[in-house]
Amino acid sequence: MTYAITQTCCNDATCVAVCPVNCIHPTPEERAFGSTEMLHIDPRACIDCGACADACPVDAIFPVDALSVAQREYADINAAYYEGGEPAPGTTEGPNFHAWGEPVFGRSLPSDFGPLRVAVVGTGPAGMYAAQDLLLHTAAEVTLIDRLPVAGGLVRYGVAPDHPATKKVGDTFSRFHSHPRVRMHLGIEVGRDVTAEELAAHHDAVIYAVGASTDRRLGIPGEDGPGCLSATSFVAWYNAHPEAVAQDVDLSAERVVVVGNGNVALDVARILVADPEALAGTDIAAHALEALRASRVREVVVLGRRGPEDAAYTRSELLALKHLPGVELVVDDHDPRTGAAIDAAGAGDRAGLLRGLARVRTGAAAPTTAAGAARRIVLRFHSEPVEILGDGDVRTVRVTDGGGGAADLAAGMLLRAIGYRGLPVPGLPFDEASGTVPHEGGRVAGLPGGYVVGWIKRGPSGGIGANRTCAAETVGTLLADAVAGTLPAPTGDAKAFRRLARRRNRRVVDARGLAAIDRAERDRGRRDGRPRVKLATVEELVATARAGRLLRLSR
């Protein structure tokens with residue numbers, strides 16, 4: 001029996017490090033690492049030890065014999081990656097399972113290298129991978145800062161609630177929240193409560209991991225009207241982000257149009273048509289669950305500007321849609337190029353995965369579904385919106401029809417999911433064209449002691465695991481600068497920064513307050529049969545943190 005990596009693979013390569021026979025590829029040392037959608041286990045070399053499954057932070061690895069019906073395709077996907085290649089080399093000498101390469105020491109520091117005091121701004125995956133690297137490989141003291149009064153970033157507010165395994169990577173990060181060399185200041189915003197200069201004055205270095213918090217716009221008439229939302233804000237709404245909880249999301253129409261065909265587009269489409277009772281067992285926001293239970297949405301049309309062969313979503317996310325209970329997945333064949341690409345594609349190609357799906361035509365008429373399906377998702381390629389029409393709310397989305405003309409889709413809401421974009425950080429340089437901070441190997445241009453990691457560094461590409469190698473590069477640059485003596489010396493210490501932060505913002509949440517929030521949310525979840533019920537406003541989060549801290553102090 002062999003193991004297989006499935007849909008929720010995060011690509012952070014933790015499994016690669018523990019495999020005794022080098023049967024998981026691509027590894028971080030290989031050119032293809034970071035460019036493949038997921039990692040793959042070679043079934044010819046796997047020895048069924050289970051070390052990879054034990055180490056996987058997102059529960060993505062299973063014995064092939066234990067795969068569910070919806071996951072069985074991943075055995076073939078793993079095997080197909082190695083077709084035509086040689087299995088991992090073995091060895092007949094000594095106790096090793098295979099021939100090992102020369103040892104690599106990625107963090108080699110002088111014996112007299114003193115502890116650094118490093119601030120990490122942002123507690124999502126990018127920031128936490130950087131903090132983890134510093135804490136595990138150096139004696140650094142780390143200050144964790146986030147503008148929200150709770151940690152987690154993209155893991156808490158970006159991962160879809162029906163992907164609970166992916167959220168488990170947050171458990172890996174949370175063990176560092178109470179690390180003895182970590183100080184946490186949540187609810188502090190750089191540029192509002194403290195300046196970049198003040199932050200730098202109290203630390204040897206500052207790593208900015210602030211992500212890409214806004215979205216790209218369509219630039220078409222009607223985009224600013226009611227019923228036209230960004231997928232960014234819709235995801236934040238159903239994940240109980242404090243800044244989106246009061247957002248008005250109208251689900252009274254039968255059809256919703258989603259512009260874009262990346263994983264985020266598939267996420268929002270899936271949530272819109274999923275069985276609300278299945279979502280009731282997740283950590284979806286209570287207000288979103290209530291709205292979805294009353295929703296009249298029966299069809300989601302996903303628009304892709306290019307053809308199915310060039311779709312931006314991963315194969316694993318598309319496969320998940322094919323197995324969604326009570327939901328029909330179909331292809332709009334308004335453009336002959338779509339069917340031709342599907343028919344000509346290989347079995348492992350993105351377009352090939354659409355072979356066998358029903359082909360339909362969508363338009364101004366009300367949506368219809370096949371027998372046995374309550375709702376459906378329509379993938380419409382070679383099509384993009386040109387205008388949003390309606391008297392107040394969205395009523396019609398005019399789209400290109402592939403032949404130089406236009407077609408009208410009746411719809412009650414439009415969600416744009418065409419990419420994220422970073423925002424300027426006060427005190428840091430910013431490239432408006434790319435939405436990133438200019439840098440060299442993570443070192444901010446013209447700002448000694450300043451570094452970036454994650455999407456604000458490289459742009460909004462790559463999933464959670466991609467941040468691990470990104471963080472390794474940035475931390476490596478930071479440590480090289482420290483060894484070279486080029487970091488500016490801080491003028492204030494950790495206690496002085498704590499006093500400054502609390503003077504500027506009386507509602508700062510520390511590690512004990514964060515633990516109180518976590519306990520409260522899990523307690524609420526247990527009462528409702530859910531993993532957690534999130535506190536959805538800043539006021540609730542801060543009040544819970546304070547109450548929990550006072551309770552612990554009174555004991």
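Preceding block: the structure.
First, a word on what this report is: a plain description of the structure on this page. Sequence positions are assigned chain by chain, starting from 1 and proceeding in written order. Local features in a predicted model are, by the rule used here, given only for residues with pLDDT of at least 70; side-chain atom pairs are given and counted only at 80 or more, and totals for whole chains, interfaces and linings are based on all residues. The side-chain figures draw on all heavy atoms in the structure; neither hydrogens nor water molecules are used.

Some details on the overall build of the protein chain
Next, step 1: In terms of regular secondary structure, the protein chain is built from 19 helices and 23 strands.
Next, step 2: A compact globule built from 555 residues should have a C-alpha radius of gyration of about 24 Å, and the protein chain, at 25 Å, falls within 12% of that.
Next, step 3: For the protein chain, with 555 residues in total, the buried portion stands at 51%.
Next, step 4: In the protein chain, 74% of the contacts between residues at least 6 apart in sequence involve partners at least 24 apart.
Next, step 5: Accessible surface is estimated by sampling points in the Shrake-Rupley manner with a 1.4 Å probe; for residues, cover comes only from the protein chains shown. Accessible area for the protein chain stands at about 24,000 Å²; split by element, carbon and sulfur atoms hold 51% of it.
Next, step 6: Charge counting follows a simple rule: Lys and Arg are positive, Asp and Glu are negative, and His as well as the terminal groups are ignored. Charged groups are reduced to one reference atom each: NZ for lysine, CZ for arginine, CG for aspartic acid, CD for glutamic acid. Counting 61 positive and 67 negative side-chain charges, the protein chain places the averaged centre of each group 7 Å from the other. Put simply, DSSP H or I for four residues or longer makes a helix, DSSP E for two residues or longer makes a strand, and each gets a number counted from the N terminus. Within these notes, the globule rule equals 2.2 Å times the number of residues to the 0.38 power, and the radius of gyration is based on C-alpha atoms. Relative accessibility under 20% of the residue-type maximum defines a buried residue, over 50% an exposed one, and the middle range a partly exposed one, all with a 1.4 Å probe and only protein chains included. Whether two residues are in contact is decided by their heavy atoms: any pair within 4.5 Å suffices.

What about the packing of aromatic side chains?
Next, step 1: Each Phe, Tyr or Trp ring (for Trp, its six-membered ring) is paired with any other whose centre lies within 6.5 Å, and the angle between the two planes then decides the class: stacked below 30 degrees, edge-to-face above 60, tilted in between. A complete count under the given rule lists five aromatic pairs for this structure.
Next, step 2: Ring pairs connect the aromatic residues Phe234, Trp237 and Tyr238, which therefore count as one cluster.

Let's talk about the sheet that holds strand β10 (residues 228–230)
Next, step 1: The strand order β10-β19-β11-β12-β15-β13-β14 describes an open sheet built from seven strands, whose pairing is parallel. The open sheet terminates on both sides in strands that have one partner only, identified here as β10 and β14 (358–360). Ignoring strand direction, the axes of neighbouring strands in this sheet form an average angle of 25°.
Next, step 2: When DSSP locates at least two bridges between a pair of strands, those strands are taken to pair. Inspection of the sheet shows strand β11 (residues 255–259) paired to strand β19 (residues 413–416) by four bridges, in the parallel sense. Its bridge partner being in β19, Val257 is matched across the sheet by Leu414.
Next, step 3: Running at roughly 155° to strand β15 (residues 375–380), helix α10 (residues 263–273) makes contact with β11, β12 (299–303), β13 (327–332), β15 and β19 of the sheet. In this analysis an axis means a line fitted to C-alpha atoms, helices contributing only their contacting stretch, and an angle means the value between N-to-C directions, from 0 to 180 degrees.

Some details on the environment of Gly405
Next, step 1: Structurally, Gly405 can be placed in the loop between β17 (396–400) and β18 (406–410).
Next, step 2: Between the C-alpha atoms of Gly405 and Leu289, which are 116 residues apart in sequence, the distance is 39 Å.
Next, step 3: In contact with Gly405, other than residues within four places in its own chain, are Val399 and Thr400.

Here's the deal with a positive patch on the surface
Next, step 1: Candidates for patches are residues over 30% relative accessible area with no salt bridge; among them, like charges are joined within 9 Å and nonpolar side chains (Val, Leu, Ile, Met, Phe, Trp, Tyr) within 5 Å. A side-chain nitrogen of Lys or Arg and a carboxyl oxygen of Asp or Glu constitute a salt bridge if their distance falls within 4 Å. Taken together, the side chains of Lys495, Arg499, Arg503 and Arg506 make up a positively charged region of the molecular surface.
Next, step 2: As for its position among the elements, Arg499 is in helix α17 (residues 494–504).

Concerning the pattern of salt bridges
Next, step 1: Within the structure shown, the criterion is met by 37 salt bridges.
Next, step 2: The residue Glu521 makes a salt bridge to Arg156 at a minimum N-O spacing of 2.6 Å. In this pair, Glu521 is assigned in helix α18 (residues 511–528) and Arg156 in helix α5 (residues 154–157), connecting sequence segments 365 residues apart.
Next, step 3: Of the charged contacts, one joins Glu223 and Arg217 as a salt bridge, the two residues approaching to 3.7 Å between their closest N and O atoms.
Next, step 4: Members of the salt-bridge network, linked through shared partners, are Arg156, Asp518, Glu521, Arg522 and Arg532.

Here's the deal with the pairing of strand β8 (residues 205–208)
Next, step 1: Residues of β8 alternate between two faces, with Ala205 and Ile207 on one and Val206 and Tyr208 on the opposite face, all of them buried.
Next, step 2: In this structure, strand β5 (residues 117–121) lies alongside β8, joined through four bridges in parallel fashion. Across the sheet, Val121 pairs through a bridge with Tyr208, a residue of β8.
Next, step 3: Here three bridges tie β8 to strand β23 (residues 450–452), and the two strands are oriented parallel to one another.

As for the nonpolar core
Next, step 1: Grouped together as the largest cluster of nonpolar side chains are 120 residues, with contacts concentrated most on Ile24, Tyr238 and Leu379.
Next, step 2: Excluding residues that lie within four positions of it along the chain, Tyr238 makes contacts with Ala160, Pro161, Asp267, Val268, Ile271, Ile284, Ala285 and Ala288.
Next, step 3: Val121, Ala196, Val444 and Leu500 belong to the second largest nonpolar core, which has 21 residues in total. As used in this record, nonpolar core signifies buried Ala, Val, Leu, Ile, Met, Phe, Trp, Tyr and Cys residues forming a set joined through side-chain atoms within 4.5 Å.

A few points about the sheet that holds β17
Next, step 1: Here we have three strands laid out as an open sheet, ordered β16-β17-β18, and antiparallel in their pairing. Looking at strand neighbours, the two that pair on one side only are β16 (385–389) and β18, the edges of this open sheet. Averaged over all adjacent pairs, the angle separating strand axes in this sheet is 25°, with direction ignored.

Remarks on unusual backbone geometry
Next, step 1: Cis geometry marks the peptide bond from His25 to Pro26, where omega comes out at 0°.
Next, step 2: Looking at the secondary structure, you find Pro26 in the loop between β2 (24–25) and β3 (40–41).
Next, step 3: The backbone phi angle of Ala13 is positive, close to 70°, even though this residue is not glycine.
Next, step 4: Secondary-structure assignment places Ala13 in the loop between β1 (3–5) and α1 (14–18).
Next, step 5: Note on Ala13: relative accessible area 6%, which makes it buried.
Next, step 6: We note that Asp48 has phi near 65°; this positive angle belongs to a residue other than glycine.
Next, step 7: What makes Asp48 partly exposed here is its relative accessible area of 32%.

Considerations on helix α16 (residues 466–484)
Next, step 1: To estimate how far a helix should extend, the number of its residues minus one is multiplied by 1.5 Å. Taking 1.5 Å per residue, 19 residues should reach 27 Å; α16 reaches 28 Å between its end C-alpha atoms and fits that length.
Next, step 2: Looking only at α16, the buried set comprises Asn467, Cys470, Ala471, Thr474, Val475, Thr477, Leu478, Leu479, Asp481 and Ala482.
Next, step 3: Of the residues flanking the end of α16, it is Gly485, one or two places downstream, whose phi is positive at about 75°.

Observations concerning the side chain of Thr362
Next, step 1: Assignment of secondary structure puts Thr362 in the loop between β14 and β15.
Next, step 2: Nitrogen and oxygen atoms within 3.5 Å of one another constitute a polar contact, given that in protein one can donate a hydrogen and the other can accept it, and given that sequence-neighbouring residues count only through two side-chain atoms. Only 2.4 Å separates the side chain of Thr362 from the side chain of Asp332, close enough to count as a polar contact.
Next, step 3: With sequence-adjacent residues up to four places away left out, Thr362 is seen in contact with Glu299, Val301, Asp332, Arg376, Val378, Arg380 and Leu409.

Observations regarding helix α4 (residues 125–137)
Note: α-helices contain 3.6 residues per turn, so residues at a spacing of three or four share the same orientation.
Next, step 1: The terminal C-alpha atoms of α4 lie 18 Å apart, and with 13 residues this matches the ideal 18 Å at 1.5 Å per residue to within 8%.
Next, step 2: Burial runs high along α4: eleven of the 13 residues are buried.
Next, step 3: Of all the positions in α4, only Pro125, Ala126, Gly127, Met128, Tyr129, Ala130, Ala131, Gln132, Asp133, Leu134 and Leu135 are classed as buried.

Some words on the environment of Phe173
Next, step 1: As for its position among the elements, Phe173 is in helix α7 (residues 169–174).
Next, step 2: According to the relative accessible area criterion, Phe173 is buried, its value standing at 4%.
Next, step 3: On a C-alpha basis, the gap between Phe173 and Ala151 in space is 9.8 Å, while along the polypeptide they are 22 residues apart.
Next, step 4: Excluding residues that lie within four positions of it along the chain, Phe173 makes contacts with Pro125, Met128, Tyr129, Gln132 and Val155.

Let's talk about the state of the cysteines
Next, step 1: We call a pair of cysteine sulfur atoms a disulfide whenever their separation is within 2.5 Å. Taken as a whole, this structure holds zero disulfides when the rule is applied.
Next, step 2: With no disulfide of its own, Cys10 lies closest to Cys9 among cysteine sulfurs, the gap being 6.0 Å.
Next, step 3: In this structure Cys10 comes out as buried when scored by relative accessible area, which is 9%.

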